[in-house]
Amino acid sequence: MRKSTSSLSEVSRGQLSGQTPYQYRLYLLSKSNVTNAKEDIVAQDIKAFCLRNLRRDDAIKVLYERGKEKHIEFDLSSLPSSRISKGDLVQLARHLNFEDTLMYVALPKLHVEDSIQDSDHAHYDSNSLGDSLGRTDVNVIFQWLWDNGVRRIFKVIVIDDGNDGDVPHSNQAIEDALVQFKIETWDWKKIDICSNTIVLAAGEHVRVIYLYSSGNSAVLRSWSCEAGLVKLKLLEKVHLVIRRGLETEIRRNQDVEDFQTAFQENWKKLYPRKEIPEMTIIMDDKPKSYALGFRINKIPEQKQEWLSRMDMFASFISTIDLEKEKDKRNQERVQAGLDGASEDEKPKAIEDIKVAVIDDGIDGFGNDLSGSIAHGVSFCRSSDSENLIRTYYVSSGGHGTKMARLIRRICPTVKLYVARLEEYRSSGKRFITARSATEAVNWAVTNGVHIISMSWSIEGTEEQQDIKELKKAIEAAKRANITMFCAFSDQGTNSSEKTFPGYWASECMTIGAATAMGDASTLVDQNRVSFLFPGEQIVIDSKEPDPSSLSSPPKAENGSSISTALAAGTAALLLFITQLVNPQFFEKLREPARMKRAFKKFCPEANQKYFKAQDHFSKSFETDPSWTWEIEGKEKVTILVNNLMTQAEQQSDTYW
């Protein structure tokens, strides 16, 4: 089951044909007096696996026969009113048939009104906590869930930030509400919540926690101390969402680093053989706090329009007979030579568009990328010996593989030149060496790439010798007409730290993550980036999920590194289509300054940093059997390229 979810699909067993293994298990249990489904370990294990790992619709197909479905979540996040009565809950119970285990419970800020006099429901009393000054409204709801058979909740999401003068729930109320349930993911959005409350309410089962901090260093210390969250022995992930508070940005960063270090050290003391929980830091600096909304890390129901349009165009490009186009161009070159044209006057031969992916390596064994890798090298020395290296065709963390997939997703004809960087870890963070970055950039220049994609940043000062050497390599790449993209640092919008190569704006285009609407993401300062590309809830694989598949949904990725790969892929695509229809302009577009001006063509007046592909890569490029590249396709691409050429030629060469 854990190796392949296909084992959960329907089976064929004579008269029981069409049932899934779980349904068949329930059938056998119903015929036996030995045990029931709630006591059967196998049935409970299958159910838990489905609710924890499968998409909602897939889980329902596996668990229930048609017409016998149960509710596997309780979500009031879209409730039009902030008030609900106990009578409303009684009405809901008449038609809601809950599973004993729920995928999640999501509750907005609610006020539960006492509008029912039925003595049978007297235990739904929101004042049962006596003289508590904190709110107790959700206690009524969780007690109602318990009374309706719910015993386990994989994810609890409750908005309880105390904003706009509202009083949040007391610690005692939170503990009383949840202590009887088995909670695995804790997302109670109360600022500076007491760590002991989490431990008492969900400590025995919780695997993932979301913490919302006002920036108070005393609370951070209490969370990370020996008596704090390290008591959560099954913990796997910690998401810290932190506001700036009263301190400076430098002080907040230091407090966060101290929190991470103390937590990791105390975890090692308590569990020397267990892996340290993964930690994510989110700077909560936007006007609307993360604590005010439901931000569940899920796959969007529909792909972003930006990606949909680019996927359409990439599919169209994939239908071009490239070898045929190369032969045509070669014939044109021969004819031009016969007509007396010099080598410079001949149309340029169609060449592969080369993109250097400088990262942690690329998985060279997978069929999806192996055909696109043209060359590779590793500058990552083995810790065992200077004479040993860690190969470029094995990615240490999968990051480079993801970036390569995105680049090739946008430009399917691209050739990848892979350079693996040297990396090390300190205080739980991943760092790369400037020395290896310098070597990688120089290698890319030697191999004549058109584009360099660098979805990373290096902290340091301009006075450091290794940073000076990296600057020389970057300058050499610019002189070689290589367009370079680097990611905006994810340290936050108020960070004063210099990071490289993004700091060198004259040589590199710095790319920041944008929302689906084109706004800068929370951690991105729009004034410090060259362009914004989609960078939130991006699924790396372009294929739509198979509705009949029972596999776990692909994970959505976020961050400026994602955006950088999309920018590099887009530049490669523009170069590719330009050389097909206008080889003279192709030579000009290779110049980084002209590429940047071409990018500006895609940015609307209202948001001059956001690369809005939707306005230019129209739906007409969707694969249509009624027309081909030779008939209408080439004409449409020529119009697109001519528009870019006009933009790039009109603007001054001093644009940088």
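Each remark here, short or long, concerns the structure printed above.
All values derive from a computational prediction rather than experimental measurement. (Residues numbered from 1 in each chain as written. Predicted model: local features only at pLDDT ≥ 70, side-chain atom pairs only at ≥ 80, totals over all residues. Heavy atoms only, no water.)

## Topic: the overall build of the chain
Right, so step 1: Along the chain, the regular secondary structure elements total 19 helices and 23 strands.
Right, so step 2: Here the chain holds 656 residues, and 50% of them are scored as buried.
Right, so step 3: Look at the contacts in the chain between residues 6 or more apart in sequence, and 74% of them connect residues 24 or more apart.
Right, so step 4: For the chain, the accessible area works out to roughly 30,800 Å², and carbon and sulfur atoms hold 46% of it. (Helix = DSSP H or I, 4+ residues; strand = E, 2+ residues; numbered from the N terminus. Buried < 20%, exposed > 50% of the residue type's maximum accessible area, 1.4 Å probe, protein only. Contact = heavy atoms within 4.5 Å. Areas by Shrake-Rupley, 256 points an atom, 1.4 Å probe, with all protein chains shown as cover.)

## Brief notes about the packing of aromatic side chains
Right, so step 1: Scanning the entire structure with this criterion turns up 23 aromatic pairs.
Right, so step 2: Geometrically, the ring pair formed by F74 and F98 is edge-to-face, given 5.9 Å between the ring centres and 85° between the ring planes. Of this pair, F74 sits in strand 1 (residues 73–75) while F98 sits in the loop between helix 4 (86–93) and strand 3 (101–102), and the two are 24 residues apart along the sequence.
Right, so step 3: Take F98: its relative accessible area is 7%, and that puts it in the buried class.
Right, so step 4: The residue whose ring lies beneath R151 is W146, and the NZ or CZ to ring-centre distance is 3.6 Å.
Right, so step 5: Positioned over the ring face of Y271 is K274, at 4.9 Å from the centre of the ring. (Phe/Tyr/Trp six-rings, centres within 6.5 Å; stacked < 30°, edge-to-face > 60°. Lys NZ or Arg CZ within 6 Å of the ring centre and 35° of its normal.)

## Topic: the environment of R55
Right, so step 1: One can find R55 in the loop between helix 2 (41–53) and helix 3 (56–63).
Right, so step 2: Classification of R55 by relative accessible area gives partly exposed; the value is 21%.
Right, so step 3: R55 sits 48 residues away from M103 along the chain, and the two C-alpha atoms are 10.0 Å apart.

## Description of helix 16 (residues 560–581)
Right, so step 1: Here helix 16 spans 32 Å end to end across 22 residues, near enough to the 32 Å set by a 1.5 Å rise per residue.
Right, so step 2: The element helix 16 is largely enclosed, with a buried count of 22 among its 22 residues. (Expected span 1.5 Å × (residues − 1).)

## Description of unusual backbone geometry
Right, so step 1: Here the amide bond leading from F500 into P501 is cis, since omega sits at 10°, within 30 degrees of zero.
Right, so step 2: By the element assignment, P501 lies in the loop between strand 19 (499–500) and strand 20 (509–514).
Right, so step 3: Unlike most non-glycine residues, N481 shows phi in positive territory, near 60°.
Right, so step 4: With respect to the helices and strands, N481 occurs in the loop between helix 15 (465–479) and strand 18 (483–487).
Right, so step 5: Residue N481 is classed as partly exposed on the basis of its relative accessible area, which comes to 30%.

## Overview of the nonpolar core
Right, so step 1: W306, I577 and F599 are the most contacted members of the largest nonpolar core, which totals 70 residues.
Right, so step 2: Considering each element in turn, this core owes the most residues, 14 residues, to helix 16.
Right, so step 3: Here W306 is in contact with I410, F533, P534, L566, T570, Y610, F611, K612, A613 and Q614, once residues within four sequence places are set aside. (Core = buried A, V, L, I, M, F, W, Y, C linked by side-chain atoms within 4.5 Å.)

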